[in-house]
Amino acid sequence: MTLTLQQLNQADVAEATQLLDGIYEHSPWIAAAAMAARPLRSLAHLKHALAQVVNTANASAQLDLIRAHPELAGKAMVSNTLTAESTHEQSKAGLTQCTPEEFARIQQLNADYNQRFGFPFILAVRGPRGTGLGKQEIIDTFARRLFNHPDFERAEALRNIHRIAEIRLNDKFGFEPALGNDVWDWQERLAQHTDPGYAELGQLTVTYLTDAHRACAQRISHWMRDCGFDEVEIDAVGNVVGRYRPAQEGGKYLLTGSHYDTVRNGGKYDGRLGIFVPMACVRELHRQNKRLPFGIEVVAFAEEEGQRYKATFLGSGALIGDFKSEWLDQHDTDGITMREAMQHAGLCIDDIPKLKRDAAHYLGFIEVHIEQGPVLNELDIPLGVVTSINGGQRYVCEMIGMASHAGTTPMDRRRDAANAVAELALYVEQRAAQDGDSVATIGQLHVPNGSINVVPGRCLFSLDMRAPTDPQRDALVKDVLGKLEEIAQRRGLHFKAEQAMSAAAAPSDPAWQKRWENAVDALGVPLFRMPSGAGHDAMKIHEIMPQAMLFVRGLNSGISHNPLESTTSDDMQLAVDAFTHVLHQLDA
């Protein structure tokens, strides 16, 4: 029998607990405590209520829950004493049909893991799509997590338990995230296209106007037509533009989208999620034969990452009239200019100025994006409303001291350039943390011609400083550069600091941010506001029209720019539902 929220809301605690039996392995106390959150507004609300009970429990209760789970391909599976739910899950992942070699490897991993952590390895083996992970992916994940810090691994075990519970709840409620599955599938299929040299390694790399990049554009354009867009084109810089017309001619358009290029050896969801979520929404409108008072323009931006040429936000920049003609003469590593690449791709360079949008014809810009960070993942919250895209400044620096013999130079007479930068790095870490939401990084640190027995005379380093507002960013930059000067003077050194980049913060438009907040609240999931530490196409469009963003939780600590980047089809479904709710708000 399919369970309903009405049944749960009307049942007494004991009956409700029985209805949720088996969701959390041998732990009925979780369901019982979660009933305090009634009335449950949605399945997503129930999922979060259950997770919160676990996350606020004491460490002993959490460990008991983890230890209530069986080992993967372990003794319980061999002896046929798994619960029905666990048997189904392990079978779906193929663990009941391991080869002798695979079984031996998993048994060794189980033993090593238990010895290190004192509890069994927990993995949601049905995976982010619910269809089951491959055995090799399971083994690789097992081996990777063996090196986590014990506190982190306990939290990761609990997050996987919540994912297991989510899939079991979907089964119990007869729920399938159909649109989330479609969005997930689009991204998997698009990831089949990757640049030469990376395809052979099984890595995803799509840089501007390569064959793989152009194949992605073609694939997206075909899918847009299949979804029912009225007009689809690849424009003069390679953006794929789909337009779904308003109910009456002359209506304004909602602009949305994100980028389809990737970093080298990157993930499948960065940027692309923001293309496919609105595509799914347009497809549903087309299936319903429904038009809105406004049109929807989805842009798959051709370039955002700056990987092939030193020109970032090329795609969204063209839409605001910020395409710099000098970019055309830049060379890639093979000596091919951007002009030559564009001509080879059949793009009409002379038409680039025509791409500039007139903001008067648009309501605003919204963008859905994977978070690219650990915050939502650690909070077990699926969606986050972005308050501002951080402004940032970057510097390329050099600390100059005196190279000298490491054995004969007394410690109080050294002019060590590397130690000075190390002192600055610790200050940078401490100063950024004072603000709570500022971040600062020394990502490059190099001692040219360094030797093991020489006190460093030079140290090259970078500074990257970001904050949600320009005044906050400027205060951070002032303090860090002031500290740099103070350290150099005190240590008898001198330095050079050249600004390499400055980007203004892009605060979300209050009215558009409120629409995202209304949508998230309507779904019954917690409303969480957060700044974006990464740059996005929205910060370019921000220069000519109001914008606001929605973040979607990532798996694997929210890692991004990495093959481990991932999210679930359930969270993608919530993103589609939230986007649809924003459309309904505008329609009303």
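Above this text sits the structure in question.
Scoring rules and cut-offs
- Residues numbered from 1 in each chain as written.
- Predicted model: local features only at pLDDT ≥ 70, side-chain atom pairs only at ≥ 80, totals over all residues.
- Heavy atoms only, no water.
- Salt bridge = Lys/Arg side-chain N within 4 Å of Asp/Glu carboxyl O.
- Helix = DSSP H or I, 4+ residues; strand = E, 2+ residues; numbered from the N terminus.
- Buried < 20%, exposed > 50% of the residue type's maximum accessible area, 1.4 Å probe, protein only.
- Axes fitted to C-alpha atoms, helices over the stretch in contact; angles between N-to-C directions.
- Parallel < 35°, antiparallel > 145°, perpendicular 65-115°, else oblique.
- Contact = heavy atoms within 4.5 Å.
- Phe/Tyr/Trp six-rings, centres within 6.5 Å; stacked < 30°, edge-to-face > 60°.
- Lys NZ or Arg CZ within 6 Å of the ring centre and 35° of its normal.

Draft legend 1. Main features of the pattern of salt bridges. One pass over the full model with this rule turns up 42 salt bridges. Glu102 is paired through a salt bridge with Lys135; the nearest N and O atoms lie 3.0 Å apart. Of this pair, Glu102 sits in helix 8 (residues 100–117) while Lys135 sits in helix 9 (residues 135–145), and the two are 33 residues apart along the sequence. Three or more residues joined by partner-sharing salt bridges are found here, namely Glu231, Arg243, Arg245, Glu297 and Arg357.

Draft legend 2. Unusual backbone geometry, seen in detail. For the peptide bond that leads from Arg38 to Pro39, omega is 5°, which places it in the cis range. Along the chain, the position of Pro39 falls in the loop between helix 3 (28–34) and helix 4 (43–55). For Asn449, which is not glycine, the phi dihedral falls at a positive 55°. Secondary-structure assignment places Asn449 in the loop between strand 10 (445–446) and strand 11 (454–455). Although it is not a glycine, His561 adopts a positive phi angle of roughly 55°. With respect to the secondary-structure elements, His561 resides in the loop between strand 16 (547–552) and helix 21 (569–587). By relative accessible area, His561 is classed as partly exposed at 39%.

Draft legend 3. Layout of the packing of helix 12 (residues 211–227) against helix 13 (residues 273–287). Two elements in contact, helix 12 and helix 13, have axes whose closest approach is 8 Å; the angle formed by their N-to-C orientations is 25°. It follows that helix 12 is roughly parallel to helix 13 by the angle criterion. Residue-level contacts link Ile220, Trp223, Met224 and Cys227 of helix 12 to Ile275, Phe276, Met279, Val282, Arg283 and His286 of helix 13.

Draft legend 4. Summary view of the environment of Ala578. Mapped onto the secondary structure, Ala578 falls in helix 21. Put simply, Ala578 and Val520 are 58 residues apart on the chain and 6.1 Å apart in space, counted from C-alpha to C-alpha. Those residues in contact with Ala578 that lie beyond four places of it in its chain are Leu383, Trp516, Ala519, Leu523 and Leu550.

Draft legend 5. Region of interest: the packing of aromatic side chains. As enumerated under the stated definition, the model contains twelve aromatic pairs in all. Plain terms: the ring middles of Trp186 and Trp223 are 6.3 Å apart, the flat faces sit at 35° to each other, and that makes the pair tilted. Linking Trp186 in helix 11 (residues 178–190) with Trp223 in helix 12, this pair joins segments that are 37 residues apart in sequence. Pair check on accessibility: Trp186 and Trp223 agree, each one buried. An angle of 65° between the planes, with centres 6.1 Å apart, marks the rings of Trp516 and Phe579 as edge-to-face. One end of the pair, Trp516, is in helix 19 (residues 510–522); the other, Phe579, is in helix 21, and 63 residues separate them in sequence. Looking at Phe579, the relative accessible area reads 1%, which means it is buried. In this structure an aromatic cluster arises from ring pairing among Tyr113, Phe117, Phe119, Phe121 and Phe142. Here the guanidinium or amino end of Arg159 rests over the ring plane of Phe152, the centre of that ring lying 5.4 Å away.

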